[in-house]
Amino acid sequence: MSLRNNGRLSRREMLKALSLCAAGSTTLGSLLTGCRDSLRTPESLERLGGPRRDRLDGKPRFLIVVGAAGGASIVDSFLAVRASEAGANASKLNTFADAQVQGVGGSPFRAVKVSSPRLGNIPQAVNTDQLPFVLKHKDSMLVATSVGTSVNHVIAQKRSITGNAAWLGRTLQECVALQYGAGVPIPNVNMAMGGYSERGTDHSLPSYCYGEVVSNASLWPLGLDGGKGLKDAPPRDVVELARRTRNALDSRSVFGKTFENAPALQRWNEQRIVGQPALEARDLINRLNVLPNQPPTIPLSEYGLSSSPDGDRLRALFPDYMTDPVQSQAALAFLLLKYRVSVTVTLGPSFNVAVGSTREQPIASPPLAFDFSHTEHRSGQAFMWSRVMGVVDKLIELLKAEPFDETSGESMWDRTLIYVATEFGRTRNRPNDAVEFSSGHDLNNGFLMLSPMLKGNTVLGGMDPLTGLTYGFDPRTGAPEPGKMTTNEPDIFSGILTTLGVDTSGSGLPDASAFART
């Protein structure tokens with residue numbers, strides 16, 4: 001495909017390229033929120049941050065963002081403080097009895113285990129033992145300490161994925177979609193809430209970079225085909241004839257002629273005429289569908305549909321996928337990456353209560369997620385950390401078992417990074433020796449990341465046990481810098497992109513070499 005003398009593509013060339021890429025979205029919302037042409041010249045791509053493929057080996061890498069809404073406290077998990085380390089301050093700080101903080105041999109990480117399985121007013125047992133997770137995944141874990149710039153939920157959520165507008169306001173997901181997403185149908189799928197689901201502020205990006213927002217992960221795949229799933233639907237060739245007739249009439253209408261050069265209408269027509277058939281050709285309505293065929297309640301076969309080939313194992317791993325949004329999101333996230341529909345997916349709990357599936361476990365998620373700590377800090381943190389670790393562990397196991405390709409011997413996990421993006425930390429003070437107390441928002445905290453591409457078994461920064469506050473690090477060398485309390489949101493942002501092989505040339509981002517495995 002070549003550019004004409006004036007640097008513009010003909011409509012036929014544009015449609016051919018879009019058909020090959022199958023780029024774009026399936027909903028009107030993302031079609032009309034957008035940008036300039038989704039195809040760029042090499043010069044414009046360079047201005048956007050370099051070529052859209054891994055500068056190392058030409059193969060895609062994948063990003064999973066888990067939004068830890070409400071403030072996941074790093075001192076209630078991997079950097080917990082023992083009472084004996086805090087000295088005279090122990091009874092007034094968020095410290096744990098020494099026996100409740102388990103060390104991990106040969107590792108800087110710690111793991112909390114509270115002796116009582118039932119905490120506070122949460123009416124069910126809570127898995128408080130974090131050690132199995134840390135032992136299993138420590139070699140791919142990295143914790144980077146942080147100081148944020150906002151304790152407002154939505155603002156802090158967004159800054160956790162933009163590095164506080166570190167690179168033209170782009171989100172991490174948009175950067176990954178730009179680098180690796182030009183050849184996949186829906187590069188950036190976002191199932192999270194609030195600021196985690198917002199797009200960035202760089203309006204010059206191709207439209208496919210922006211997140212496709214999914215509100216119901218269990219049912220969303222059923223909308224990926226305009227003809228399947230309808231009883232007594234006409235044959236596909238008849239549907240295509242009707243579509244061609246519709247397109248011709250639309251283009252000849254007064255509206256079509258008046259606005260034929262409007263960018264929004266051009267994008268809409270490109271997606272409807274080329275993008276939608278490309279999606280349908282991949283049979284995503286079935287391949288991404290976790291629902292089982294169970295007549296009469298779920299009679300998929302009556303509508304010409306089937307469950308995903310991976311449906312049985314995903315329903316076994318995520319049995320509450322119909323009532324627990326995070327389980328359904330995790331199942332869909334895996335399928336989106338496996339079938340190369342997306343290169344980045346975002347999921348996470350909302351502030352709504354999620355019900356459990358049994359009388360013994362009536363609650364899957366408390367109200368306000370991690371922000372339940374306003375009422376009961378210890379129980380809220382223990383419950384939500386268990387929830388996040390459980391979903392992350394299952395995603396990793398699925399990705400480890402999935403080959404990346406047939407030649408390299410790599411798994412999908414070898415090329416994936418999971419970023420647990422909390423908003424902020426929690427205040428460190430408590431009443432004297434209280435085992436249950438409330439906490440507020442605090443800028444000081446840390447982020448958890450997991451990937452074989454990271455410098456695993458690593459804490460960047462450190463913890464002052466006398467205050468319970470984390471301190472910073474040199475993003476280039478990884479050297480700890482005790483006393484450093486300045487914000488480092490751009491460092492976190494840059495470290496993730498560096499690890500994922502995203503070309504950040506000309507971005508002005510700090511050198512964050514300390515994150516990536518060498």
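Quick look at the structure, then. As the structure is a prediction and not an experimental result, all values here were calculated from the model.

## Describing the sheet that holds strand β13 (residues 444-450)
Move 1: Across the sheet, eight strands lie side by side as β6-β5-β7-β1-β10-β13-β4-β14; this open sheet has mixed pairing. On the outer flanks of this sheet lie β6 (212-213) and β14 (458-460), each paired with one strand and no other.

## Quick word on the sheet that holds strand β17 (residues 480-481)
Move 1: An order of β15-β16-β17 is seen for the three strands of this open sheet, with the pairing classed as antiparallel. Two strands bound the open sheet, and with one partner strand each, they are β15 (462-464) and β17.
Move 2: Here strand β16 (residues 469-473) runs beside β17; their pairing, made up of two bridges, is antiparallel. Its bridge partner being in β17, Phe-473 is matched across the sheet by Pro-480.

## Side note on the nonpolar core
Nonpolar side chains tend toward joint burial in soluble globular proteins.
Move 1: Membership of the largest hydrophobic core comes to 109 residues, with the highest contact counts inside it found for Phe-78, Leu-288, Tyr-419, Met-449 and Phe-515.
Move 2: No other element matches the 12 residues that helix α14 (residues 377-400) contributes to this core.
Move 3: One finds Leu-178, Ala-182, Leu-205 and Cys-209 within the second-largest nonpolar core, a separate group that totals seven residues.

## Here's the deal with the pattern of salt bridges
Move 1: As enumerated under the stated definition, the model contains 25 salt bridges in all.
Move 2: One salt bridge in this structure joins Arg-110 and Glu-85, with 2.6 Å as the shortest N-O distance. Residue Arg-110 is found in strand β3 (residues 110-112), and its partner Glu-85 is found in helix α4 (residues 83-86); the two are separated by 25 residues along the sequence.
Move 3: Residue Glu-85 is classed as partly exposed on the basis of its relative accessible area of 28%.
Move 4: Residue Lys-338 is joined to Glu-402 by a salt bridge in which the shortest nitrogen-to-oxygen separation is 3.8 Å. Taken as a pair, Lys-338 in helix α13 (residues 325-338) and Glu-402 in the loop between α14 and β10 (416-422) lie far apart in primary sequence, 64 residues in all.
Move 5: By relative accessible area, which is 13% here, Glu-402 ends up buried.
Move 6: One continuous salt-bridge network, built from bridges that share partners, spans Asp-225, Arg-236, Glu-240, Arg-243 and Glu-280.

Conventions used here
Residues numbered from 1 in each chain as written. Predicted model: local features only at pLDDT ≥ 70, side-chain atom pairs only at ≥ 80, totals over all residues. Heavy atoms only, no water. Pairing = 2+ DSSP bridges. Helix = DSSP H or I, 4+ residues; strand = E, 2+ residues; numbered from the N terminus. Core = buried A, V, L, I, M, F, W, Y, C linked by side-chain atoms within 4.5 Å. Buried < 20%, exposed > 50% of the residue type's maximum accessible area, 1.4 Å probe, protein only. Salt bridge = Lys/Arg side-chain N within 4 Å of Asp/Glu carboxyl O.

What is shown is where atoms sit, not what they do.
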